[in-house]
Amino acid sequence: MKKYNWGILGCGKIAKKFASDLKLLSNANLYATASRSLQKAQDFATTFGFEKAYGGYEEMLKDTELDVVYIATPHTFHAEHSLLSINHGKAVLCEKAFAINEKEVIQMITASNDHKIFLMEAFWTRFIPSFQKVLEIIKTNELGDLKIIQSDFMFFAPFNTESRLYNLDLGGGSLLDIGIYPVFTALMALGVPDEIAAKAKLSKTGSDEYLEMVFSYTNGAKAYLKSGFTCDSFNETIFHFENGVIKISRELNAPITIKKNKEVNELIVDDGVGFGYQFEANHVMDCLDKGLTESPILPHTFSLQLMQILDKVRSKIGVVYPNHD
Ligand SMILES: NC(=O)c1ccc[n+]([C@@H]2O[C@H](COP(=O)([O-])OP(=O)(O)OC[C@H]3O[C@@H](n4cnc5c(N)ncnc54)[C@H](OP(=O)(O)O)[C@@H]3O)[C@@H](O)[C@H]2O)c1
């Protein structure tokens, strides 16, 4: 079994959870960390047991022993850091939102294809067992046609001009941070919408602090989606079928509630180990074992379609990221 040398690019909050989950995988070698600050990279490396620490992103990418990079910087840097990694011949798992707009996603995909280097969006929920189970039920059509999706992702985050969540220079706003999850779910379950309606309440920085979206499909299906930082939520997704309902929560390891012919059952499929990021990392290594440059489960076209929808929503709510549009 080949062991892959992983590098972490950007030692922030999500990078910590990812590194912790990487430890669960026997073919993942916690190899290097890179931060804008050497001290931060060293502290991160010590905490999680990485072999090397670099005080600059490109410095790490020049390391010939490094195989694959996990990019965990703010959205506005994803394209730049993915391109830099690909240009140094490193496979890339890049956090969501994959980039800031369609143009950047196309540049990333083109670079991956041209250099024959693996590139995948780190859409971890695509790989967790509970979401796989829901997709399986939808595919079997055992509950009939899927008619309506209701999905929201909200938490309270007080206004702060410096915060990644509000600062437009860092891709601030609920859409790319958390609204992307309900949009992802609708795209996964119902495909590309035929019509998109969206309304938002903008914050003082011009970022969306509360967002409502309605996706309509020619077959009559609808998706009602919400995201925001103005209040908390149970963060549930409800799939309404002709003959039943499925409810999932964003809490990892929460049961899936299934109503079929008026009977309600709860199903637990996640094993409760880790934060849930091990599944996507494991899939990346499977793809690398097979010599693939994109994932068959989360292909480039999916990430492109997702960004095209996000761009459409953004144009409707009037959010503009400086220096990126
Ligand atoms: N998959 C998930 O469940 C999940 C959850 C949360 C976030 N995310 C995604 O992961 C990315 C990072 O989110 P996070 O919450 O981890 O953010 P964070 O804590 O702010 O970390 C981002 C890191 O990026 C680096 N960075 C480089 N340039 C920066 C700049 N100009 N300003 C601020 N940071 C800069 C910093 O690392 P150094 O100082 O070490 O260079 C920073 O620690 C986002 O795109 C977000 O959407 C995904």
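What comes next is a walk through the structure. Because the structure is a prediction, the values reported are computed rather than measured.

So, the pairing of strand E12 (residues 244–249)
Here is step 1: Residues Gly244, Ile246 and Ile248 point to one face of E12 and are all buried, whereas Val245, Lys247 and Ser249, pointing to the other face, are not buried.
Here is step 2: Alignment of strand E11 (residues 236–241) against E12, held across 6 bridges, turns out to be antiparallel. Residue pairing across strands places Thr237 opposite Ile248, the latter belonging to E12.
Here is step 3: The antiparallel pairing of E11 with E12 creates a hairpin that spans 2 residues between the two strands.
Here is step 4: Taken together, E12 and the strand that follows it, strand E13 (residues 256–260), pair antiparallel across an intervening segment of 6 residues, in which Asn253 is found at a positive phi of about 75 degrees.

Considering a positive patch on the surface
Here is step 1: Judged by side-chain charge, Lys13, Lys16, Arg36 and Lys40 come together as a positively charged surface patch.
Here is step 2: Looking at where Lys16 falls in the secondary structure, it is placed in helix H1 (residues 13–22).
Here is step 3: The exposure class of Lys16 is partly exposed, given its relative accessible area of 42%.

Concerning the side chain of His81
Here is step 1: When you line up the elements, His81 lands in helix H4 (residues 78–87).
Here is step 2: With relative accessibility at 5%, the residue His81 sits in the buried group.
Here is step 3: Side chain to side chain, His81 and Thr73 meet in a polar contact 3.0 Å long.

Let's talk about the pattern of salt bridges
Here is step 1: For the structure shown, the criterion picks out 8 salt bridges.
Here is step 2: Across the pair Lys260 and Glu142 runs a salt bridge whose closest N-O atoms are separated by 3.8 Å. Residue Lys260 is located in strand E13, and its partner Glu142 is located in the loop between helix H6 (129–140) and strand E7 (146–154); the two are separated by 118 residues in the primary sequence.
Here is step 3: Using a relative accessible area of 34% as the deciding quantity, one classes Lys260 as partly exposed.

Looking at the site of the ligand
Here is step 1: The environment of the ligand is formed by 23 residues, the closest being Ser35, Lys40, Tyr57, Lys96 and Tyr277.
Here is step 2: Separating an oxygen atom of the ligand from a backbone N or O atom of Gly12 is a distance of 3.4 Å.
Here is step 3: One of the side-chain N or O atoms of Trp124 is found 3.2 Å from an oxygen atom in the ligand.
Here is step 4: Here the ligand has 890 Å² of accessible area as a free molecule, and 84% of this is covered by the chains.
Here is step 5: The cavity where the ligand resides is the largest pocket.
Here is step 6: Breaking the shell around the ligand down by element, the ones donating at least two residues are H1 and helix H7 (174–190).
Here is step 7: The class makeup of the residues in the shell around the ligand is 10 nonpolar, 6 polar and 7 charged.
Here is step 8: Each of two domains, domain 1 (4–124) and domain 2 (129–275), supplies a minimum of three residues to the shell around the ligand.

A look at the layout of surface pockets
Here is step 1: A volume near 1300 Å³ is recorded for the largest pocket.
Here is step 2: Lining the largest pocket are 36 residues, and of these Lys13, Ile14, Lys96, Arg164 and Asp177 sit closest to its centre.
Here is step 3: Where the lining of the largest pocket is concerned, the elements lending two or more residues are H1, H4 and H7.
Here is step 4: With 4 residues, the single largest contributor to the lining of the largest pocket is H1.
Here is step 5: The class makeup of the residues in the lining of the largest pocket is 17 nonpolar, 9 polar and 10 charged.
Here is step 6: Taken domain by domain, the makeup of the lining of the largest pocket includes at least three residues from each of domain 1 (4–124) and domain 2 (129–275).

Observations regarding the nonpolar core
Here is step 1: Grouped together as the largest cluster of nonpolar side chains are 109 residues, with contacts concentrated most on Trp6, Phe215, Phe239 and Ile246.
Here is step 2: It is H7 that contributes the most residues to this core, 11 residues altogether.
Here is step 3: If we skip the residues at most four places from it in the chain, Phe239 touches Val134, Ile138, Leu146, Ile148, Ile149, Thr185, Ala189, Gly244, Val245, Ile246 and Ile248.

Conventions and cut-offs
- Residues numbered from 1 in each chain as written.
- Predicted model: local features only at pLDDT ≥ 70, side-chain atom pairs only at ≥ 80, totals over all residues.
- Heavy atoms only, no water.
- Buried < 20%, exposed > 50% of the residue type's maximum accessible area, 1.4 Å probe, protein only.
- Helix = DSSP H or I, 4+ residues; strand = E, 2+ residues; numbered from the N terminus.
- Pairing = 2+ DSSP bridges.
- Patch = residues over 30% accessible without salt bridge, like charges linked within 9 Å, V, L, I, M, F, W, Y side chains within 5 Å.
- Areas by Shrake-Rupley, 256 points an atom, 1.4 Å probe, with all protein chains shown as cover.
- Salt bridge = Lys/Arg side-chain N within 4 Å of Asp/Glu carboxyl O.
- Lys, Arg positive; Asp, Glu negative; His and termini not counted.
- Charge placed at Lys NZ, Arg CZ, Asp CG, Glu CD.
- Polar contact = N/O pair within 3.5 Å; in protein donor to acceptor, adjacent residues only side chain to side chain.
- Near = heavy atom within 4 Å.
- 1 Å grid on protein atoms, 1.4 Å probe; cavity = no way out; pocket = protein on both sides within 12 Å on 5 of 7 lines; lining within 4 Å.
- Sits in = over half its atoms within 2 Å of the grid points.
- Nonpolar A, V, L, I, M, F, W, Y, C, P; charged D, E, K, R; others polar.
- Domains from an automatic or database assignment.
- Points joined across faces, edges and corners; volume = space filled by probe spheres on them.
- Core = buried A, V, L, I, M, F, W, Y, C linked by side-chain atoms within 4.5 Å.
- Contact = heavy atoms within 4.5 Å.

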